[in-house]
Amino acid sequence: MRKKQLLLMIIVVVGAALFLSVIGYIWMKKDEEEHARWLAGYRGIWVSADGKYKLTVRRTTSAHMVFSFENNDTGQTLSFASAVATGDGEYVFNYSIESYKENNVQKSRLCYGSDFEGKILLNEKEIHVDVEKNKNKQAVSDGIVFEGNLKKKEALPKMEKVNLTAFMGKRLPEKYHEWKSLVCLEEEREKVSRVHIVWDDKRNYKSMEKYAMGDIDCCRLFSELEHTLGRLVAEEQLNDNRYKRVFEKENFRYEFITDGYGLVVEADCQYRKPVRGRREGDFIIDGDTVLRYLGDYEKERHIELPEGVRQIAEGAFTVENSALCSDCVHVSELKIPKGVSVEPYAFRNCGKLKIELEDGWTVVEEKSFAHMVEKYIQRFRSKWVEVVLPETVRRLKKSAFALEENEVQSMYASETQVSSPLEVKLNDTLEYIEDDALQGVICDKIPNRLIELGTNFLYRSENYGFSLYSDDTYQLPATLKKIARNTLLSSGRYVIINGDLPQLYGKLDYEENVGWGIELKDKKEWEELFRRLVDGQRLTEQEKKEIRLRLSGKDINYEYYWDDDWEIDEDDWDDEDDWDDSDY
């Protein structure tokens, strides 16, 4: 009897404890939900009484606040920062001032760092902000210095989320052109096989908040990645306290980069198993061919081709511009062994690279490294790619390193850039540079064993920097046997020919107001050169006359523009014999 009573008593006590626990959990849950609603009420735009300072609160939890703080007078903004909770309704954040140059003007911006500290306090119907004036005795003239209250002006605008992961395996959406500068969608077999987004693009961050990668958006932190996607597969520390973290869930492989605040600023989604080929590290390989390099450029890396690779396919190293907006892009080094063939446009619009062709390379094939920097962004990517040729290379075939020319010429003409977006380090043993092999690339030397020099070769003079349209001089090596007419008579250049006259080919790019000159040994060679220049050209009598004057050292206004004691004697030629227009 006593045992039954004791057992009944234990059951009652346990039941009561469970009941109280459930009640406590329910009350705690309600309290948490109520607290979360209270915190969510602070989302919105808060402004100081004088309208000078604006605090945009994007997300508030019991652990963090995601916000932007702006000085409307100076334009200084701390964008997408995270403050850490140090008490109930109390948050602390840190930042630094970063200097940079824009159009040769020194500027500064606010970013993650530890030089300055700020506090945010949630009060009834207002927010109190206190930003220290001088934490580490650093000048703050361009920073944000404020202490006071801000009142809510308006709620954040409602926006419909765009889930980028939902596009995987589907065709490009019809309205993709509206936001393609923000999101990179790659197609394979006419369906999206990769999605990439950079949320911390300083130019467009305000219009990027609506995009999400699955359940992750730009207001999420690393801890929430694990909660949503499970245990991470790999982790790597990058520069500036940034981290790259890799997750795999269901059929997808996710790569996220978090900034110093722990906020997600970049995301990439791919298939765990490629549509074609196999994955080896950061490469997609099919047989012995590299189809795609999917590594990031957030850190200086030594990229090594997988063992057994014999070919690099077209577009293998192409990177969409929207995936390279980050200020944290660094140079990666890539060595390409001899025996590896490179398909045309394999590096079209590639990432920031230093490419070294290893000993044994003898020929760079046609268009294999063409269009490495897209024409619309060349002026913004000075020294973006560098290619080093070994001493074994003898020939650069047509358009081997050609840049798209539309932007190149206007860029150099306007003098908005002092260096080429692509630099090719030529060797001294190079013998053949075919037509357009280095189109748009400014070279700092002419190989002294050169036999053939094709069209659109640009040369940099030490005396005149990178200017193409002021007097400049280059000497053709004595070994030269063949040269394109438009290269010989480059705009604004004075050419010295060492050795015998080379064979000329191609049309003469005659421009009425462009001056050029050639230095030869004697008058007979001038006459021979003149005949070669006009051979096969349909020139007017006025053009013939102007060419004679220019070669003799005079301009079209019959004024000397360099010292020369003699000129071509036009009477030495019989116009009827030498200039029969029916021959043209």
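Look a little higher up for the structure.
What you see is a predicted model; the values in this text were computed from it and never measured.

Asker: Give me empty space enclosed by the protein: which residues, what numbers.
Answerer: To locate leftover empty space, one rolls a probe as large as a water molecule over the atoms. Under the defined criterion, the tally for this structure stands at 2 cavities of 30 Å³ or more. The volume enclosed by the largest cavity comes to roughly 210 Å³. Around the largest cavity, the lining is made up of 20 residues, and of these H196, E266, G295, D296 and Y297 lie nearest the centre. Elements supplying a minimum of two residues to the lining of the largest cavity: β11 (191–198), β15 (252–258) and β16 (264–271). Grouping the constituent residues of the lining of the largest cavity by class yields 10 nonpolar, 3 polar and 7 charged.

Asker: Account for the pattern of salt bridges, naming residues and giving values.
Answerer: A complete count under the given rule lists 28 salt bridges for this structure. Taking the shortest distance from any N to any O, the salt bridge between R301 and E236 comes out at 2.9 Å. Placement of R301 in the loop between β19 (289–293) and β20 (302–303) and of E236 in strand β13 (residues 234–237) is noted, with a sequence separation of 65 residues between them. Take R301: its relative accessible area is 16%, and that puts it in the buried class.

Asker: Run through the nonpolar core, naming residues and quoting values.
Answerer: Taken as a class, soluble globular proteins show a tendency for nonpolar side chains to be buried jointly. Grouped together as the largest cluster of nonpolar side chains are 72 residues, with contacts concentrated most on F317, F347, L396, F401 and L488. Ranked by residues supplied to this core, first place goes to helix α5 (residues 523–534) with 4 residues. Ignoring sequence-local partners within four residues, the contact set of F347 consists of I312, F317, L334, I336, V342, L353, I355, S368, F369, H371 and M372. Among the nonpolar cores identified, the runner-up in size contains 60 residues, and V57, F67, W179 and C269 belong to it.

Asker: Would you mind going over the packing of aromatic side chains in detail, with residue names and values included?
Answerer: A full pass over the atoms with the stated rule returns 23 aromatic pairs. Considering the side-chain rings of F252 and Y254, the 6.2 Å spacing of their centres and the 65° angle between planes classify their relative orientation as edge-to-face. Here F252 matches Y254 in class, with each residue buried. Among the aromatic residues, those joined into a ring-pair cluster are F283, Y293, Y297, F317, F347, F369 and F401. Stacked on the ring of W384, the Lys or Arg R381 has its end atom at 4.2 Å from the ring centre. Sitting over the face of the ring of Y432, R395 holds its NZ or CZ atom 4.0 Å from the ring centroid.

Asker: How would you sum up helix α2 (residues 222–229)? Please name residues and give values.
Answerer: Turning to α2, its buried residues are E224, L225 and L229. Angular distribution of buried residues about the axis of α2 spans 110°; they occupy a single face of the element. Contacts from the buried residues of α2 go to β2 (53–60), β14 (243–249), β15 and β16. Remark: G230 follows α2 within two positions and exhibits a positive phi of approximately 90°.

Asker: Tell me about the sheet that holds β16, and name the residues and values.
Answerer: The sheet built from 6 strands is open, its strands ordered β10-β11-β16-β15-β14-β13 with antiparallel pairing. Only two strands of the sheet have a single neighbouring strand rather than two, namely β10 (183–188) and β13. Neighbour-to-neighbour, the strand axes of the sheet open up by a mean angle of 15°, direction not taken into account. Sheet topology places β14 next to β15; 7 bridges connect them, and they run antiparallel. For E248, the partnering residue across the bridge sits in β15 and is R253. Along the sheet face, α2 touches β13, β14, β15 and β16 and points at about 10° away from the line of β14.

Asker: Explain the sheet that holds strand β23 (residues 341–342) to me, and be specific about the residues and the numbers.
Answerer: One open sheet holds the 5 strands; their spatial order is β17-β18-β19-β21-β23, and the pairing between them is mixed. Looking at the sheet topology across the chains shown, the edges are occupied by β17 (278–280) and β23. Looking at chain direction, β19 and strand β21 (residues 311–312) are connected through 2 bridges and run parallel. Bridge pairing in β21 links V290 to I312.

Asker: Describe the pairing of β13, and please don't skip the residues or the numbers.
Answerer: Regular strands place side chains that alternate from one sheet face to the opposite one. One ladder, built from 4 bridges, connects β13 with β14; its direction is antiparallel. Bridge pairing in β14 links E235 to R245. Where β13 folds back on β14, the antiparallel hairpin that results is connected by 5 residues, among which D240 adopts a positive phi of roughly 55°.

Asker: Give a description of the environment of F67 that names residues and reports values.
Answerer: Examined against the element boundaries, F67 turns out to sit in strand β3 (residues 64–71). Remark: the alpha-carbon pair of F67 and L55, spanning 12 residues in sequence, is separated by 7.0 Å.

Asker: Run through the state of the cysteines, naming residues and quoting values.
Answerer: What the rule picks out here adds up to 0 disulfides. The structure places no disulfide on C328, whose sulfur is separated from the nearest cysteine sulfur, that of C111, by 9.4 Å. Judged by relative accessible area, which is 12%, C328 ranks as buried.

Asker: Talk me through unusual backbone geometry; I want residue IDs and the actual numbers.
Answerer: For K125, which is not glycine, the phi dihedral falls at a positive 65°. Take K125: it is sitting in the loop between β6 (105–123) and β7 (126–131). A relative accessible area of 69% means that K125 is categorised as exposed. For K367, which is not glycine, the phi dihedral falls at a positive 65°. Relative to the helices and strands, K367 is located in the loop between β25 (363–364) and β26 (385–388).

Quick notes on the rules
Residues numbered from 1 in each chain as written. Predicted model: local features only at pLDDT ≥ 70, side-chain atom pairs only at ≥ 80, totals over all residues. Heavy atoms only, no water. 1 Å grid on protein atoms, 1.4 Å probe; cavity = no way out; pocket = protein on both sides within 12 Å on 5 of 7 lines; lining within 4 Å. Points joined across faces, edges and corners; volume = space filled by probe spheres on them. Helix = DSSP H or I, 4+ residues; strand = E, 2+ residues; numbered from the N terminus. Nonpolar A, V, L, I, M, F, W, Y, C, P; charged D, E, K, R; others polar. Salt bridge = Lys/Arg side-chain N within 4 Å of Asp/Glu carboxyl O. Buried < 20%, exposed > 50% of the residue type's maximum accessible area, 1.4 Å probe, protein only. Core = buried A, V, L, I, M, F, W, Y, C linked by side-chain atoms within 4.5 Å. Contact = heavy atoms within 4.5 Å. Phe/Tyr/Trp six-rings, centres within 6.5 Å; stacked < 30°, edge-to-face > 60°. Lys NZ or Arg CZ within 6 Å of the ring centre and 35° of its normal. Arc of directions from axis to C-beta. Pairing = 2+ DSSP bridges. Axes fitted to C-alpha atoms, helices over the stretch in contact; angles between N-to-C directions. Disulfide = S-S within 2.5 Å.

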